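So you can see what is in the structure, the chains are spelled out below.
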There are 2 protein chains.
Amino acid sequence: MIEQRKAQKSGNPQRIPAVARRPRPARGKDRRDIRESNEARLLQAAETVFAERGYSGATTAAIASAARLPKANLHYYFRTKEALYRAVLANVLALWLDELDRFSPEREPAEALAEYIAAKMRWSKLRPNASKVFANEIVHGAPFLDGYLSRELRQRVERFAAVIRRWIARGKMAPVDPRHFVFHLWAVTQHYADFEVQVRAVLGREKLTDADFAAATAEIVNLTLRGCLPQRPD
Amino acid sequence: MIEQRKAQKSGNPQRIPAVARRPRPARGKDRRDIRESNEARLLQAAETVFAERGYSGATTAAIASAARLPKANLHYYFRTKEALYRAVLANVLALWLDELDRFSPEREPAEALAEYIAAKMRWSKLRPNASKVFANEIVHGAPFLDGYLSRELRQRVERFAAVIRRWIARGKMAPVDPRHFVFHLWAVTQHYADFEVQVRAVLGREKLTDADFAAATAEIVNLTLRGCLPQRPD
DNA sequence: CGAAATATTGACCAAATGGTCAAGATTATC
DNA sequence: GATAATCTTGACCATTTGGTCAATATTTCG
């Protein structure tokens, strides 16, 4: 899988001795805190800059500046720009996969689908840059995703497809192709993050409001459920 | 609007004297031909390279090489990388706008929508790189699109929305929000070009076939029409 | 304390890249 | 054929950028 942020010499970070060795001096200058906080700031700055300018357009200087750290410091925590980028990407992938796992054949399609759409829309609102980094990566042919698409993602989609097929078999959904259906869900929800400027321009908004997202979500749920549930709802 | 490819000293290219002055020597070394063919090759090479690597990632050397021309020649026809990029972009925008204009209140929604979806999917198949260049531009905040989004595009969407509203008023469509509906159409169709690697990975294809596009189109039309047409189709 | 580990940072460098230029080749025009 | 206009291209350059390094500061812990 995607190379996780390099752990320098941090040994096994989970190893906690029987009696806690380091009593946490309470005041914040702990080394672990320093590393954690600096890495977090870099990752968040990187997400923004990569989203705004793409991989090549993003400079380590700009990222460091956004994180309010000297550039040399960035290269201390993440050896290369590529390593930093991969770390950002790994965060997004984890996010994406998790959401797909909430489907199970026992649930009601209408409810499960509405929840998934709402969740994806929430991410589009809260982490638009995460979505943009991912979109950018995919648009350019996924050069850093190695086996993610054909392994992890494909596997999850197959599981999702199995659920959909069972729902169809039980007459709870119209006969749709599960894979194209999942593309459908991804496309319409991520659109609001990835194509945000276009959405704003067309809606005439300076910034997308909560109400805009609520309206978009409702519209998507409505269109999608009408599209894929059996004709007679009851 | 977007700066068109610079016309150097080409005067008015449409002016044709009463008696054709230049009898077209038949063998192809005409200056006009040279310019046309070289510009076309550069534009097409640029579309590919910009799609694959983004604006910053694309180098003029790579574009020139793809067009099988020396780099200095590229800069002869398009003064700067930015000018070349804008020319590529202008082509895509023209494509996109044209399609939206085919809606009119007199048509049947089902037929007009199915045709629009099919047309957009055709573009996703035939010119995926055009779509990718546009997607890339939008994802990064449309830094080169100037007023296009808020002017031309918004205007066309308003016209489209008016048609949709009239259909709704006549009971020919379910009450959807026209703007979110158009986002829906764009998202699902362009997804097959922009996220092509992901689609391929999930479907387990080396390359998307005509059959894949046909299936995708059918699925989208089906889902969308069921989603937006009145409950009793007849 | 004192030595080891970790963190900070300004200065620096090699490679890549957008763009220029001048000299020459080709095509048009009179 | 001569002159002008356009096209072609290798060599070149200034700037940007990812990454290094050595010197210094800070934290950890016996």
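Quantities reported herein were computed from a predicted structural model and do not represent experimental measurements. (Residues numbered from 1 in each chain as written. Chains lettered and ligands numbered in written order. Predicted model: local features only at pLDDT ≥ 70, side-chain atom pairs only at ≥ 80, totals over all residues.)

### Looking at the overall build of chain A
On a plain count of helices and strands, chain A comes out with ten helices and zero strands. Order of helices (α) and strands (β) in chain A, N terminus to C terminus: α-α-α-α-α-α-α-α-α-α. In chain A, which comprises 234 residues, the proportion classed as buried is 39%. Within chain A, residue pairs in contact and separated by at least 24 positions form 70% of the contacts whose partners lie at least 6 positions apart. (Helix = DSSP H or I, 4+ residues; strand = E, 2+ residues; numbered from the N terminus. Buried ≥ 20, exposed ≤ 12 C-beta atoms within 10 Å, placed from the backbone. Contact = placed C-beta atoms within 7 Å.)

### Focus on the interface of chain A and chain B
Taken together, the contact between chain A and chain B spans 44 residues of the former and 44 residues of the latter. Taken together, the elements giving at least two residues each to the side of chain A that touches chain B come down to helix 1 (31–57), helix 6 (128–139), helix 7 (149–169), helix 8 (178–194), helix 9 (196–203) and helix 10 (210–228) of chain A.

### Overview of the relation of the copies chain A and chain B
Copy one and copy two of the chain differ by a rotation about a common axis and a shift along it. Of the transformation placing chain A onto chain B, the axial shift is 0.0 Å and the rotation is 180 degrees, giving an RMSD of 0.0 Å. The transformation relating the two chain copies, once decomposed into turn and shift, fits a two-fold axis. Relative to the rotation axis, the C-alpha of G227 of chain A is the closest in chain A, positioned 2.0 Å from it. Of the interface residues in chain A, 100% have counterparts in chain B that sit at the interface too, so the contact is made through matching surfaces. (Least-squares fit on C-alpha atoms with pLDDT ≥ 70 in both.)

### Here we look at the packing of helix 7 of chain A against helix 8 of chain A
All names here are of chain A. Interhelical geometry of helix 7 versus helix 8 gives an angle of 110 degrees and a closest axis separation of 9 Å. Taken as axis vectors, helix 7 and helix 8 run roughly perpendicular relative to one another. In this structure, the crossing between helix 7 and helix 8 has a hand that is right-handed. Residue-level contacts link V157, F160, A161, I164 and R165 of helix 7 to P178, R179, F181 and V182 of helix 8. Of the residues contributing to the contact of helix 7 with helix 8, the split by class is seven nonpolar, no polar and two charged. (Axes fitted to C-alpha atoms, helices over the stretch in contact; angles between N-to-C directions. Parallel < 35°, antiparallel > 145°, perpendicular 65-115°, else oblique. Left-handed = near helix turned anticlockwise from the far one by under 90°. Nonpolar A, V, L, I, M, F, W, Y, C, P; charged D, E, K, R; others polar.)

### Notes on helix 6 of chain A
Residues and elements named next belong to chain A. With twelve residues, helix 6 ought to run about 16 Å at 1.5 Å a step, and its terminal C-alpha atoms sit 16 Å apart, in line with that. Within helix 6, eleven of the twelve residues are buried, which leaves the element mostly enclosed by the surrounding structure. Looking only at helix 6, the buried set comprises P128, A130, S131, K132, V133, F134, A135, N136, E137, I138 and V139. Looking at the residues trailing helix 6, positive phi occurs at G141, about 90 degrees. (Expected span 1.5 Å × (residues − 1).)

### Considerations on the nonpolar core
Within the largest apolar cluster, 120 residues are counted, with the highest numbers of intra-cluster contacts made by L42 of chain A together with L42 of chain B. Sort the elements by how many residues they give to this core and helix 8 of chain A lands first, with nine residues. The residues contacting L42 of chain B, other than those within four sequence positions of it, are I63, A67, L69, L74, Y77, F78 and L84 of chain B. (Core = buried A, V, L, I, M, F, W, Y, C linked by C-beta atoms within 7 Å.)

### Points about unusual backbone geometry
Although it is not a glycine, R68 of chain A sits at a positive phi angle of roughly 55 degrees. Its identity is not glycine, yet D146 of chain B carries a phi of approximately 45 degrees, on the positive side. By the element assignment, D146 of chain B lies in the loop between helix 6 (128–139) and helix 7 (149–169). Here D146 of chain B falls in the partly exposed class, since 13 other C-beta atoms lie within 10 Å of it.

### Structural notes on the packing of helix 6 of chain A against helix 8 of chain A
Residue and element names in this part refer to chain A. Between helix 6 and helix 8, the shortest axis-to-axis distance is 8 Å and the interhelical angle comes to 110 degrees. Comparing the axis directions of helix 6 and helix 8 gives the class roughly perpendicular. Listed contacts from helix 8 to P128, S131, K132 and A135 of helix 6 are Q190, A193 and D194. Each residue belonging to the contact of helix 6 with helix 8 can be placed in one class, and the counts come to three nonpolar, two polar and two charged.

### Some remarks on the confidence of the model for chain A
Looking at chain A, the pLDDT average stands at 88 and 86% of residues meet or exceed 70. Of the regions scoring below 50 in pLDDT, residues 1–28 of chain A engages in 21 contacts with residues more than four places distant in sequence or in other chains. (pLDDT = per-residue confidence, 0-100.)

### Some thoughts on the environment of E206 of chain B
Residue and element names in this part refer to chain B. Examined against the element boundaries, E206 turns out to sit in the loop between helix 9 (196–203) and helix 10 (210–228). What makes E206 exposed here is the crowd of 6 C-beta atoms within 10 Å. When the C-alpha positions of E206 and G227 are compared, they lie 32 Å apart, and in sequence the two are 21 residues distant.

### A word on the environment of L95 of chain B
Position of L95 of chain B relative to the elements: it lies in helix 4 (residues 81–100). Along the chain, L95 of chain B and W123 of chain B lie 28 residues apart, while their C-alpha atoms are 8.9 Å from each other.

### Some details on the environment of Q198 of chain A
Inspection of the secondary structure assignment puts Q198 of chain A in helix 9. Those residues in contact with Q198 of chain A that sit more than four places away from it in its chain are I138 and L149 of chain B.

### As for helix 5 (residues 109–126) of chain B
Residues and elements named next belong to chain B. Over its 18 residues, helix 5 extends 25 Å from the first C-alpha to the last, a length consistent with the 26 Å expected when each residue adds 1.5 Å. Inspection of helix 5 places P109, L113, Y116, I117, K120, M121, S124 and K125 among the buried residues, and these make up the whole buried set. Each element contacted by the buried residues of helix 5 is listed here: helix 4, helix 6, helix 7, helix 8 (178–194) and helix 10.

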